[in-house]
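# Structural overview for review
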Amino acid sequence: MRDARTVLVSGNWKMNENHFEALKLVQELAALVRVAPIPEGREVSVHPPFTSIRTVQTAVETDHLPFLLGAQNCHHEERGAFTGEVSAEMLAKLNVAYVIAGHSERRAHLGESDVDVRRKVDAILAHGMRPILCVGETLEERVAGAAVEKVRTQVSGALSGRSGEVVGGVVVAYEPIWAIGTGETASVQDAQDMCATIRSELSRLAGAGAAAAARIQYGGSVTPDSAGALLAAPDVDGLLVGGASLDAEKFVAIVRSTA
Ligand code: PGA
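As the structure is a prediction and not an experimental result, all values here were calculated from the model.

So, about unusual backbone geometry. Of note, Lys 14 is a non-glycine position whose phi angle comes to about 50°, a positive value. As for its position among the elements, Lys 14 is in the loop between β1 (7-12) and α1 (19-35). The backbone of Ser 221 sits at a positive phi, close to 55°, despite the residue not being glycine. By secondary structure assignment, the location of Ser 221 is in the loop between β7 (215-219) and α11 (224-232).

This part is about the domain arrangement of the protein. Often the size quoted for an interface is simply the accessible area lost on bringing the parts together. The domain architecture assigned to the protein consists of domain 1 (1-72 + 147-259) and domain 2 (73-93 + 114-130). For domain 1 versus domain 2, the separation of C-alpha centres amounts to 20 Å. The interface of domain 1 with domain 2 comprises 15 residues on the first partner and 9 residues on the second. Summing both sides of the interface, domain 1 and domain 2 together bury roughly 1,100 Å²; the carbon and sulfur share of this comes to 55%.

Membership of the largest hydrophobic core comes to 73 residues, with the highest contact counts inside it found for Leu 159, Ile 198, Leu 202, Tyr 218 and Leu 239. Counting residues per element, this core draws most heavily on helix α9 (residues 188-206), which supplies 7 residues. Both domains that furnish three or more residues to this core are identified here as domain 1 (1-72 + 147-259) and domain 2 (73-93 + 114-130). Setting aside anything within four residues of it in sequence, one finds Leu 239 in contact with Leu 8, Val 9, Ser 10, Gln 217, Tyr 218, Val 222, Ala 227, Leu 230, Leu 231 and Ile 254. Of all hydrophobic cores here, the second largest spans 8 residues; its members include Tyr 98, Ile 100, Val 171 and Ala 173.

Here is what the cut-offs are and how they apply
Residues numbered from 1 in each chain as written. Predicted model: local features only at pLDDT ≥ 70, side-chain atom pairs only at ≥ 80, totals over all residues. Heavy atoms only, no water. Helix = DSSP H or I, 4+ residues; strand = E, 2+ residues; numbered from the N terminus. Domains from an automatic or database assignment. Contact = heavy atoms within 4.5 Å. Buried area = accessible area lost by both parts, 1.4 Å probe. Core = buried A, V, L, I, M, F, W, Y, C linked by side-chain atoms within 4.5 Å. Buried < 20%, exposed > 50% of the residue type's maximum accessible area, 1.4 Å probe, protein only.

Below, the structure written as structure tokens:
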């Protein structure tokens, strides 16, 4: 199944890297991939904070770097009186390809609901970009045996009622909340099991063809040491990397990793 899909490794820079630092980081990444190109069948996206997207875009486009541009969030409305927000259209105009929707940090700290996340996915798709829909359970939910239900609800909340073509083009990132920024990676088996569950939910919503075409990432304390085994799992089609994506050498090692 993997053969039909391109692996997507995404760097979520979170609220790090002002535009000077972002330029330095992208130049470091560029120097590393110039020495040895990104392996065939792998796609890389970088997700700087809003204030650094234009800087990274200019570097990527001027030097033809093999990175796709990503954003970490957007507002669901097109425009208007939403002080401090950034619309999907504004991101599309910067040639952003992937937009993270519903990261657990935003769900937890900013109260984003499944309804909010669905609206963001609507806006991202309406502007020709692909969402990276983040889903995942807390430790309490896992211990209580409620993880599968939580994740299925998050997936269907954002993706129900969409065509097979649309669902086939989305990325879902399984990020167990207890593994994010904690240094505790899910076991390969746990990651595989939940990614398979997500694929079965996508199949229920939009058919087996769409589910096979959609890509499912794992995220949560991914390092160069854990990346290869995770990517070898049959339902893991990529990785969403936080902390380690701020270190060019580590991130490129993750991008290149094999089991
Ligand atoms: P982490 O973050 O790799 O630092 O755990 C992952 C994420 O939140 O996307």
